[in-house]
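Residues per chain are reported as follows:
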Amino acid sequence: MRSLIAALCLLFAMSAPSLALVDPSERLDDPVQEQRARAISKNLRCMVCQNQSIDDSDAELAGDLRRVVRERIEAGDTDAEIYDFVVARYGDFVLMTPRFGPATLLLWLGPLLVLVLGGGIVIAVMRRQKDRQAEPRLSPVEAAKLAALLEKDENPRD
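Predicted, not measured: the structure shown is a model, and the values here were computed from it.

Conventions we followed
Residues numbered from 1 in each chain as written. Predicted model: local features only at pLDDT ≥ 70, side-chain atom pairs only at ≥ 80, totals over all residues. Heavy atoms only, no water. Core = buried A, V, L, I, M, F, W, Y, C linked by side-chain atoms within 4.5 Å. Buried < 20%, exposed > 50% of the residue type's maximum accessible area, 1.4 Å probe, protein only. Contact = heavy atoms within 4.5 Å. Helix = DSSP H or I, 4+ residues; strand = E, 2+ residues; numbered from the N terminus. Expected span 1.5 Å × (residues − 1). Axes fitted to C-alpha atoms, helices over the stretch in contact; angles between N-to-C directions. Parallel < 35°, antiparallel > 145°, perpendicular 65-115°, else oblique. Left-handed = near helix turned anticlockwise from the far one by under 90°. Nonpolar A, V, L, I, M, F, W, Y, C, P; charged D, E, K, R; others polar. Disulfide = S-S within 2.5 Å. Arc of directions from axis to C-beta. Phe/Tyr/Trp six-rings, centres within 6.5 Å; stacked < 30°, edge-to-face > 60°. Lys NZ or Arg CZ within 6 Å of the ring centre and 35° of its normal.

Some points on the nonpolar core
(1) Moving on: Residues Ile40, Leu44, Ile54, Val69, Ile73 and Leu95 are the most contacted members of the largest nonpolar core, which totals 17 residues.
(2) Moving on: With residues up to four places along the chain from it excluded, the contact list for Leu95 reads Asn43, Leu44, Arg45, Tyr83 and Val87.

Considering helix α6 (residues 140–154)
(1) Moving on: Its 15 residues place the ends of α6 21 Å apart at the C-alpha level, agreeing with the 21 Å of an ideal helix rising 1.5 Å per residue.
(2) Moving on: Of all 15 residues in α6, zero are buried; the element is thus mostly exposed.

Considerations on the packing of helix α2 (residues 31–42) against helix α3 (residues 60–74)
(1) Moving on: Running from N to C, α2 and α3 cross one another at 135°; their axes reach a closest spacing of 10 Å. Taken together, the axis directions place α2 and α3 in an arrangement best described as oblique. Note that α2 runs across α3; the crossing there is right-handed. Note on element contacts: α3 touches α2 through Arg66, Val69, Arg70, Ile73 and Glu74, opposite Gln33, Glu34, Arg36, Ala37, Arg38, Ile40 and Ser41.
(2) Moving on: Split into classes, the residues belonging to the contact of α2 with α3 amount to four nonpolar, two polar and six charged.

Here's the deal with the packing of α3 against helix α4 (residues 79–90)
(1) Moving on: Where α3 contacts α4, the axes come no closer than 10 Å and their chain directions differ by 140°. With respect to the hand of their crossing, α3 and α4 are arranged in right-handed fashion. Counting all contacts with α3, which are made through Leu61, Leu65, Val68, Val69, Arg72 and Ile73, the residues of α4 involved are Ile82, Phe85, Val86, Arg89 and Tyr90.
(2) Moving on: By residue class, the composition of the contact of α3 with α4 is nine nonpolar, no polar and two charged.

A few points about the state of the cysteines
(1) Moving on: According to the stated counting rule, one finds zero disulfides in the structure shown.
(2) Moving on: Just so you know, Cys46 is unpaired, no disulfide at all, and the nearest cysteine sulfur is the one on Cys49, 3.6 Å from it.
(3) Moving on: Residue Cys49 is classed as partly exposed on the basis of its relative accessible area of 30%.

With respect to α4
(1) Moving on: Over its twelve residues, α4 extends 16 Å from the first C-alpha to the last, a length consistent with the 16 Å expected when each residue adds 1.5 Å.
(2) Moving on: Considered for burial, the residues of α4 that qualify are Ile82, Tyr83, Val86 and Val87. Buried residues in α4, looked at end-on, bunch into an arc of 130°, giving them a common side. Counted as exposed and oriented over 90 degrees from the buried face of α4: Ala88 and Arg89.
(3) Moving on: Summarising the contacts, the buried residues of α4 are in contact with α2 and α3.
(4) Moving on: Once α4 ends, the next one or two residues include Gly91, with phi positive near 90°.

Focus on the packing of aromatic side chains
(1) Moving on: This model, assessed by the stated rule, comprises zero aromatic pairs.
(2) Moving on: A cation sits over an aromatic face here: Arg45 above Phe93, 4.5 Å from the ring centre.
(3) Moving on: Positioned above the aromatic ring of Phe85 is the side chain of Arg72, whose terminal nitrogen or guanidinium carbon lies 4.0 Å from the ring centre.

Below, the structure is given as structure tokens:
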């Protein structure tokens, strides 16, 4: 029973929101601004961890970026201005979801291109199989021989 309770506590602790990564001294006094800072932080990639947002990372650089985001919010910047500021410093890679532009065109349209190309291949293969399964055309001589064979099978002589 104790092991079950311990497992449930561990599971609950792992699924709880990651407020512990944000230092309490970093948090903004205004809950609306803090919520906005958390939302922005979830959309920025930790340059050290790379597969985590700065909201989820405990790297020193992620902490610095969280503080920068909060400073920019307190300064009155809009979300777009904050993203532009961070991208200007670290490049487009810092965004968890890249922007649509010339440099990311293939990234955004690639899946659609693969889907269209794959659909074309499937259609071509299906047409080839259909053509292979179609009844072959017989010459008049072959058709006469086939008819004679079929007639012979229909009228067996016992």
